[in-house]
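This is what each chain is made of:
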Amino acid sequence: RRQRQMCIRDRITTGLFIGDAYSANNYFNLHSKNVSHVLSMTSEVDNLFPDKFEYLQISINDTADEDIISYFPRAIEFIEKALSEGTGILGNCTF
């Protein structure tokens, strides 16, 4: 059985990546992509490296009735902060 590779899966634009729990928990991959900020859109992923990365954890439910739009301003501000510092940011959820 092939083991799942832990890596940042997709680059949205320069410095902005999207991934899953595996991505958020892989220090070396985050570091290699110059990621300094991690935006977790789940309560199910621990912030494993608080001394190495700045985290914003937004605990939302993965349900159709979740008001995800209400979290956009806070998330966008966090993303813009990371990008303005010239570093990368990973947005992640559980899967």
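Residues numbered from 1 in each chain as written. Predicted model: local features only at pLDDT ≥ 70, side-chain atom pairs only at ≥ 80, totals over all residues. Heavy atoms only, no water.

Asker: Tell me about the overall build of the protein, and please be specific about residues and values.
Answerer: In terms of regular secondary structure, the protein is built from 3 helices and 5 strands. In the protein, the succession of α and β elements from N to C terminus is β-β-α-α-β-β-α-β. Whereas a compact globule of 95 residues would reach a radius of gyration of roughly 12 Å, the protein reaches 13 Å, a difference of no more than 12%. C-alpha atoms of the protein, sized along the principal axes, occupy 40 × 35 × 25 Å. Here the protein, with 95 residues, has 40% of them falling under the buried criterion. In the protein, the proportion of contacts linking residues at least 24 apart, taken out of those at least 6 apart, comes to 49%. (Helix = DSSP H or I, 4+ residues; strand = E, 2+ residues; numbered from the N terminus. Rg over C-alpha atoms; globule rule 2.2 N^0.38 Å. Buried < 20%, exposed > 50% of the residue type's maximum accessible area, 1.4 Å probe, protein only. Contact = heavy atoms within 4.5 Å.)

Asker: If you had to explain the side chain of H37 to someone new, which residues and values would you point to?
Answerer: Here H37 is to be found in strand β3 (residues 35–40). For H37, the side chain forms a polar contact with the side chain of S36, separated by 2.6 Å. Beyond its immediate stretch of four places on either side in the chain, H37 contacts E54, F78, K81, A82, E85, T87, G88, I89 and L90. (Polar contact = N/O pair within 3.5 Å; in protein donor to acceptor, adjacent residues only side chain to side chain.)

Asker: Let's hear about the pattern of salt bridges: which residues, and what values?
Answerer: According to the stated counting rule, one finds 2 salt bridges in the structure shown. Note that K81 is salt-bridged to E54, the shortest N-O span being 2.9 Å. Here the residue K81 occupies a position in helix α3 (residues 72–84), and E54 occupies one in strand β4 (residues 54–57), the gap between them amounting to 27 residues. Of the residues examined, K81 reaches a relative accessible area of 33% and is grouped as partly exposed. The class for E54 is partly exposed, based on a relative accessible area of 34%. K81 is the salt-bridge partner of E85, the closest N and O atoms lying 3.4 Å from each other. Under the relative-accessibility criterion, E85 is labelled partly exposed at 45%. (Salt bridge = Lys/Arg side-chain N within 4 Å of Asp/Glu carboxyl O.)

Asker: Before we move on, could you go through unusual backbone geometry and cite the residues and values that matter?
Answerer: With phi around 60 degrees, N34 is a residue other than glycine that occupies positive phi space. Mapped onto the elements, N34 comes out in the loop between α2 (27–32) and β3.

Asker: Quick one: what's the story with the nonpolar core, residue by residue and with numbers?
Answerer: Ranked by size, the top nonpolar core spans 11 residues in total: F17, A21, A24, L30, V35, V38, V45, F49, F53, Y55 and L90. Elements represented by at least two residues in this core include exactly α1 (21–24) and β3. M41, I58, A75 and F78 belong to the second-largest nonpolar core, a separate cluster that totals 10 residues. (Core = buried A, V, L, I, M, F, W, Y, C linked by side-chain atoms within 4.5 Å.)

Asker: Residue-level account of the sheet that holds strand β5 (residues 88–92), with values.
Answerer: On the basis of which strands lie adjacent, the open sheet formed by 5 strands has the order β1-β2-β5-β3-β4 and mixed pairing. Looking at the sheet topology across the chains shown, the edges are occupied by β1 (10–13) and β4. Between one strand axis and the next, the sheet turns by 25 degrees as a mean value, whatever way the strands run. Judged from the 4 bridges that link them, strand β2 (residues 16–19) and β5 form a sheet pairing that is parallel. Opposite L16, over in β5, you have I89 as the bridge partner. (Pairing = 2+ DSSP bridges. Axes fitted to C-alpha atoms, helices over the stretch in contact; angles between N-to-C directions.)

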